[in-house]
Amino acid sequence: SDTEVAKKIRDVSTQKIVFIISANDDTIAVAREENWQKLLPNAKTVSAFVKAVTGETILGGNDNESIKVMEEIIKDIGFKPVIRKEGQAPNTRL
């Protein structure tokens, strides 16, 4: 579970990027991101949801610099990053 993993990495996650990938939908990705932010308040959380049909990867998180880092990684592996704006409802087109 997320809680068990968070306990194991809490001491080494301060100011590190924690990348959360959700396979179901962006609503779940946002919920998991918010949960990880609570579990690891000193980490920089970035969530992703990949739309298999389009190859778009929806990114969001609590640190803009970390989102940009993950955006470059997503580009490098051949997907199309789309950054979800803060406060934007999941599953809406940017």
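See the structure above.
Read on for an overview of the structure. In this text the structure is predicted, and so the values were computed from the model without any measurement. (Residues numbered from 1 in each chain as written. Predicted model: local features only at pLDDT ≥ 70, side-chain atom pairs only at ≥ 80, totals over all residues. Heavy atoms only, no water.)

What about the sheet that holds strand S1 (residues 17-22)?
Stage number 1. Within the open sheet, the four strands sit side by side as S1-S2-S3-S4. Their pairing is mixed. Taken across any chain shown, the strands that pair with only one partner, and hence form the sheet edges, are S1 and strand S4 (80-83). In this sheet, neighbouring strand axes are inclined to one another by 30° on average, regardless of whether the strands run parallel or antiparallel.
Stage number 2. In terms of strand pairing, strand S2 (residues 44-51) meets strand S3 (residues 56-61) through six bridges, oriented antiparallel. Each residue of the ladder has a partner; that of Ser47, found in S3, is Gly60. (Pairing = 2+ DSSP bridges. Helix = DSSP H or I, 4+ residues; strand = E, 2+ residues; numbered from the N terminus. Axes fitted to C-alpha atoms, helices over the stretch in contact; angles between N-to-C directions.)

Focus: the environment of Val30
Stage number 1. Note on placement: Val30 falls in helix H2 (residues 26-39).
Stage number 2. What makes Val30 buried here is its relative accessible area of 14%.
Stage number 3. Spatially, the C-alpha atoms of Val30 and Leu59 are 9.4 Å apart, while their sequence positions differ by 29 residues. (Buried < 20%, exposed > 50% of the residue type's maximum accessible area, 1.4 Å probe, protein only.)

Overview of unusual backbone geometry
Excluding glycine, residues mostly have negative phi values, and the peptide bonds linking residues are mostly trans.
Stage number 1. A positive phi is found at Gln15, a non-glycine position, where the angle reads about 60°.
Stage number 2. Position of Gln15 among the secondary structure elements: in the loop between helix H1 (2-9) and S1.

Remarks on the pattern of salt bridges
Stage number 1. Throughout the structure, instances matching the rule amount to five salt bridges.
Stage number 2. A salt bridge links Glu33 to Arg84; its shortest N-O distance comes to 2.8 Å. Here Arg84 lies in the segment after S4 and Glu33 lies in helix H2, a separation of 51 residues in the sequence. Judged on exposure class, the residue Glu33 and its partner Arg84 are both buried.
Stage number 3. Lys68 is paired through a salt bridge with Glu71; the nearest N and O atoms lie 3.7 Å apart. Taken together, the positions of Lys68 and Glu71, both in helix H3 (residues 64-76) and three residues apart, correspond to about one turn of that helix.
Stage number 4. Overall, Lys68 belongs to the partly exposed group, its relative accessible area being 48%. (Salt bridge = Lys/Arg side-chain N within 4 Å of Asp/Glu carboxyl O.)

Quick look at the pairing of S1
Stage number 1. Covered by surrounding structure in S1 are Val18, Ile20 and Ser22 only, the residues Ile17, Phe19 and Ile21 on the alternate face being uncovered.
Stage number 2. Where S1 lies against S2, six bridges are found, and the strand directions are parallel. Following the sheet pairing, Ile21 is matched in S2 by Ala48.

Here's the deal with the side chain of Ser66
Stage number 1. With respect to the element layout, Ser66 can be found in helix H3.
Stage number 2. Residue Ser66 is classed as buried on the basis of its relative accessible area of 2%.
Stage number 3. What Ser66 contacts, discounting residues up to four positions off in sequence, is Ile17, Lys44 and Val46. (Contact = heavy atoms within 4.5 Å.)

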